[in-house]
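Chain by chain, the residues run as shown.
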Amino acid sequence: MSSRQPRWTQTWLGGTRAAGADLGYPGERLGLPREGSGAVAGWARRIGAIVIDWLICTWAITRGLLGVDPVDANWVSLGVLAAEYVLLVGTIGMTFGMRLTNIRVASLDGGRPVFTAVLARTFLLCLAVPALIWDRDQRGLHDRASGTVVVRA
């Protein structure tokens, strides 16, 4: 085997970049900058934002304001999280956790997403599985279905 062609295991384990394919940076196909404001948000920021939002919705709102034990009625916490996403992303483009991690949800044209896109995105996000499957632009299935992208603010 020549030294220029990688073994099939190297391609499989290392992804398409190991095979020599240049896919560009995340968001390049969408016309987004590589770094700075408007660039695709990384996974660390996104996970940080959802953890903050989940803690706020579970403990501060569900337990503190509503007086419901989130362990016994975990669907209440999920409902509060969905309401937070619909209300906040639909009006200001970001949740509390997103604000703290300096990211926002944007439509593909860079503006705030329309309300129907926010509803679809929130529903799919609550299912969790679509958010765990993403493309090379780091957009989960919930972002692709709603025509949105999470960018740095």
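Shown above is the structure to which this text applies.
Predicted model only: the values in this text are computed from it and were never measured. Each chain carries its own residue numbering, running from 1 in the direction its sequence is written. Only residues with pLDDT of at least 70 get local features here, since the model is predicted, and only at 80 or more are side-chain atom pairs given and counted; chain-wide, interface and lining totals rely on the full set of residues. Remark: hydrogens and water are excluded; side-chain values derive from all non-hydrogen atoms of the structure.

Notes on the packing of helix α2 (residues 43-65) against helix α3 (residues 74-91)
If you want to describe how two helices pack, look at the angle between their axes and the distance between the axes. Only the contacting stretch of a helix is used when fitting its axis, a line to C-alpha atoms as for every element, and angles between N-to-C directions run 0 to 180 degrees. Each helix corresponds to a stretch of at least 4 residues labelled H or I by DSSP, and each strand to a stretch of at least 2 residues labelled E; elements are numbered beginning at the N terminus. Where α2 contacts α3, the two axes come as close as 9 Å, and the packing angle between them is 120°. Relative to α3, the element α2 lies oblique. Crossing handedness for the pair α2 and α3: right-handed. Residues I50, D53, W54, C57, T58, I61 and T62 of α2 touch α3, and the partners they reach there are V76, S77, L78, V80, L81, E84 and Y85. Polar here means any residue outside two lists: the nonpolar Ala, Val, Leu, Ile, Met, Phe, Trp, Tyr, Cys and Pro, and the charged Asp, Glu, Lys and Arg; Gly therefore counts as polar. Of the residues in the contact of α2 with α3, the class split is nine nonpolar, three polar and two charged. Under this scheme an angle from 65 to 115 degrees is roughly perpendicular, one under 35 degrees roughly parallel, and one over 145 degrees roughly antiparallel; angles in between are oblique. Each crossing is labelled by how the near helix is turned from the far one, with a counterclockwise turn of less than a right angle marking it left-handed and a clockwise turn marking it right-handed. Note on contacts: a residue pair is in contact if any heavy atoms of the two residues lie within 4.5 Å.

Things to note about the environment of H142
Residue position: H142 is located in helix α7 (residues 141-146). With relative accessibility at 2%, the residue H142 sits in the buried group. It is 5.9 Å that separates the C-alpha atoms of H142 and A131, two residues lying 11 residues apart in sequence. Residue contacts for H142: discarding those within four places in its chain leaves R46, R121, L124, L125, P130 and A131. Throughout, exposure labels follow a simple rule: accessible area from a 1.4 Å probe, protein chains only, divided by the maximum for the residue type, with under 20% read as buried, over 50% as exposed, and the rest as partly exposed.

Regarding the nonpolar core
Side-chain atoms within 4.5 Å are what join buried Ala, Val, Leu, Ile, Met, Phe, Trp, Tyr and Cys residues into a set we call a nonpolar core. In this structure, Y85, V89, M98, I103, V105 and V150 are the most contacted members of the largest nonpolar core, which totals 17 residues. With five residues, the top contributor of residues to this core is α3. Core analysis: the next-biggest nonpolar cluster, separate from the first, contains five residues, V40, A106, V149 and V151 among them.

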